[in-house]
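Take a look at the letters that make up each chain.
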Amino acid sequence: MKIKNKGRKIYKTKEKNYYGKSPAGKFFSALLTILLIGGIGFLGYSVAGPMINYSRKQGDEDVPETTSQEETAPQTTAENQESTIPEVKESEVQAYRSVRLNEYEIMNTEAIKTAIGRIPQEQDIEYIEVPLKLPDGRLTYSTGYEDLPEISDSDLKLSEITRTIRKEGYTPVAYISTFADNTIPEIYPQYSYLNPETVAVWSDANSKTWGSPFSENYVKYLEFIVDEISGAGFKKVICSDIKFPVFSDRDLTLLNDSRLESPERYTALTDTENILYNAVTANDSDMFIEVSASDLLSNRTEILDPFFLKSDTIVLDIDLDEISKGVDTGSTVYEFISTPTENITKMLELTKEKLSDFNIVVCISGTAYNTAELLRAKDDIAKLGYISFILG
């Protein structure tokens, strides 16, 4: 995990003095200012040295002189181009090592045990992630949300999932998809995007419906879900799909909602993230945000504003199957046709600036590659400093 020591920016405004002064007042004010400057200068010289010495810890060495950026910045050449991704020493950070199960591996407690039994022991995996809200909106566990009994056909309780994972020696982590949802809009159309003329639920180019961040009730539903999950003993909750669907010009005309074309629409996403974050952390759990590497490269990750987000850890989902088809950003088509290591490294290099304000966990997945190839890629990018990973 790449750690950045971030601080909260505080924007200050200077107060103006709107009261005027007489000419005599201005003269005495100027004279007083000169006397004060002289006094402050003398006091600063007398006090600053002892104060600086006092603030140093015993045994501290003198602070070296600052060198200009031009003198210290390394030159990028063909020989060192491979190391352009900043390296992070493993001893400086705490790695997050996880395996993500799929929906079929959590159908019951025996399936969970079987899936965990296939994990390579030498990888020192600590966390097991389970998908509890799927990208189609279905829940894979028995929920206490009484208003929507149709969203889950599972009898598996959250307590059974966490207990099983802990007995196997791992820490349980929940993975949920937020706004990608084909289930809720069928029950409550107003939770989604509606055609104002026909009141029909809008669907995207893939005939998928979505929950809307502009729907207060849908956000409350998400809040209930993450509170229920984090309160059941899941150490972390990873939230994906905190985003808007892709709207064509025709879609925007059809929906006729000015909020969808506003440059400030991302605040609906960050507001949702903050609500979910508060619910999760209130249960002594932590929350990560997952974004698609393809979306990030295509500038479709509006939520990534470090000044508005409470969560500071981003899971970068690099789906090798998806990027092997190429990523079209509208102005450039990026090809990923090399080895898993080369494709992942290329994606990390292309997206690193957009993630520079966050801690990063790399999620590596792809059905076209065997486990050994994915593990090799994981080891290779660890040499570049990316030691926090999820094997999907």
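Remember, predicted model here, so these are calculated numbers, not experimental data.

**Notes on the overall build of the protein**
Item 1. Each helix and strand in the protein was counted, giving 12 helices and 10 strands.
Item 2. When burial is assessed residue by residue, the protein has 44% of its 392 residues classed as buried.
Item 3. A fraction of 79% describes how many contacts in the protein between residues 6 or more apart in sequence connect residues 24 or more apart.
Item 4. Just so you have it, the protein exposes about 23,000 Å², and 50% of that area is on carbon and sulfur atoms.

**Let's talk about helix α11 (residues 340-351)**
Given 3.6 residues per turn, any residue in an α-helix points the same way as the ones three and four places further on.
Item 1. The end-to-end C-alpha distance of α11, which contains 12 residues, comes to 17 Å, matching closely the 16 Å that a straight helix rising 1.5 Å per residue would cover.
Item 2. Considered for burial, the residues of α11 that qualify are Pro-340, Thr-341, Asn-343, Ile-344, Met-347, Leu-348 and Thr-351. End-on view of α11: buried residues confined to an arc of 170°, all on one side of the axis.
Item 3. Structurally, α11 contributes buried residues whose contacts are with α9 (293-297), β6 (313-319), α10 (320-323), β7 (327-328), β9 (359-365) and α12 (371-382).

**A word on the pattern of salt bridges**
Item 1. Evaluated as defined, the whole model comprises 17 salt bridges.
Item 2. Between Lys-113 and Glu-110 there is a salt bridge whose closest N-O contact spans 3.6 Å. Taken together, the residues span about one helical turn, with Lys-113 and Glu-110 both in helix α3 (residues 109-117) at a distance of 3 residues.
Item 3. Glu-349 serves as the salt-bridge partner of Lys-352, at 3.5 Å between the closest nitrogen and oxygen.
Item 4. For Lys-352, a relative accessible area of 15% corresponds to the buried category.
Item 5. Given a relative accessible area of 29%, Glu-349 falls into the partly exposed group.
Item 6. One salt-bridge network, held together by shared partners, links Asp-241, Lys-243, Asp-295 and Arg-300.

**So, unusual backbone geometry**
Item 1. Although it is not a glycine, Val-199 adopts a positive phi angle of roughly 60°.
Item 2. Locating Val-199 in the fold gives a position in the loop between α5 (184-187) and α6 (216-230).
Item 3. For Val-199, a relative accessible area of 55% translates into the label exposed.
Item 4. Residue Ser-207 is not a glycine yet carries a positive backbone phi of 60°.
Item 5. Tracing the backbone through its elements, the reader meets Ser-207 in the loop between α5 and α6.

**Comments concerning the packing of aromatic side chains**
Item 1. Tallied over the full model, the rule gives 13 aromatic pairs.
Item 2. Aromatic pair Tyr-145 and Tyr-221: ring centres 5.1 Å apart, planes at 70°, arrangement edge-to-face. In this pair, Tyr-145 sits in the loop between β2 (127-133) and α4 (158-167) while Tyr-221 sits in helix α6, placing the two residues 76 residues apart along the sequence. Side by side, Tyr-145 and Tyr-221 carry an identical accessibility label, which is buried.

**A few points about the confidence of the model for the protein**
Low-pLDDT portions of the prediction should not be read for the details of their coordinates.
Item 1. Per-residue pLDDT for the protein averages 82, and the proportion of residues at 70 or more is 76%.
Item 2. Counting contacts from residues 1-93, a segment whose pLDDT is below 50, to residues more than four positions away or on other chains yields 56 contacts.

**Considerations on the environment of Leu-350**
Item 1. Within the secondary structure layout, Leu-350 lies in helix α11.
Item 2. The residues contacting Leu-350, other than those within four sequence positions of it, are Leu-297, Tyr-334 and Phe-336.

**Quick notes on the sheet that holds β2**
Item 1. Spatial ordering of the closed barrel is given by β1-β2-β3-β4-β5-β6-β9-β10, a layout of 8 strands whose pairing is parallel. When strand polarity is set aside, the average angle formed by the axes of neighbouring strands in this sheet is 30°.
Item 2. Across 4 bridges, strand β5 (residues 286-292) lies against β6 in parallel orientation. Paired with Ile-289 across the strands is Ile-314, a residue of β6.

**Concerning the nonpolar core**
Item 1. Leu-132, Ile-161, Tyr-221, Ile-229 and Ile-318 are the most contacted members of the largest nonpolar core, which has 84 residues in total.
Item 2. Every residue in contact with Ile-229, bar those within four places of it in the chain, is listed here: Leu-132, Tyr-141, Leu-158, Ala-174, Ile-176, Phe-234 and Val-237.

**Description of the pairing of β9**
Item 1. Burial runs high along β9: 7 of the 7 residues are buried.
Item 2. Across the two faces of β9 the burial is the same, with Asn-359, Val-361, Cys-363 and Ser-365 and Ile-360, Val-362 and Ile-364 all buried.
Item 3. Sheet analysis places β6 next to β9, joined by 7 bridges and oriented parallel. From the neighbouring strand, Ile-314 faces β9, where its bridge partner is Ile-360.
Item 4. Summarising the sheet, β9 and strand β10 (residues 389-391) pair through 3 bridges and their orientation is parallel. Following the sheet pairing, Val-362 is matched in β10 by Phe-389.

The rules behind these values
- Residues numbered from 1 in each chain as written.
- Predicted model: local features only at pLDDT ≥ 70, side-chain atom pairs only at ≥ 80, totals over all residues.
- Heavy atoms only, no water.
- Helix = DSSP H or I, 4+ residues; strand = E, 2+ residues; numbered from the N terminus.
- Buried < 20%, exposed > 50% of the residue type's maximum accessible area, 1.4 Å probe, protein only.
- Contact = heavy atoms within 4.5 Å.
- Areas by Shrake-Rupley, 256 points an atom, 1.4 Å probe, with all protein chains shown as cover.
- Expected span 1.5 Å × (residues − 1).
- Arc of directions from axis to C-beta.
- Salt bridge = Lys/Arg side-chain N within 4 Å of Asp/Glu carboxyl O.
- Phe/Tyr/Trp six-rings, centres within 6.5 Å; stacked < 30°, edge-to-face > 60°.
- pLDDT = per-residue confidence, 0-100.
- Pairing = 2+ DSSP bridges.
- Axes fitted to C-alpha atoms, helices over the stretch in contact; angles between N-to-C directions.
- Core = buried A, V, L, I, M, F, W, Y, C linked by side-chain atoms within 4.5 Å.

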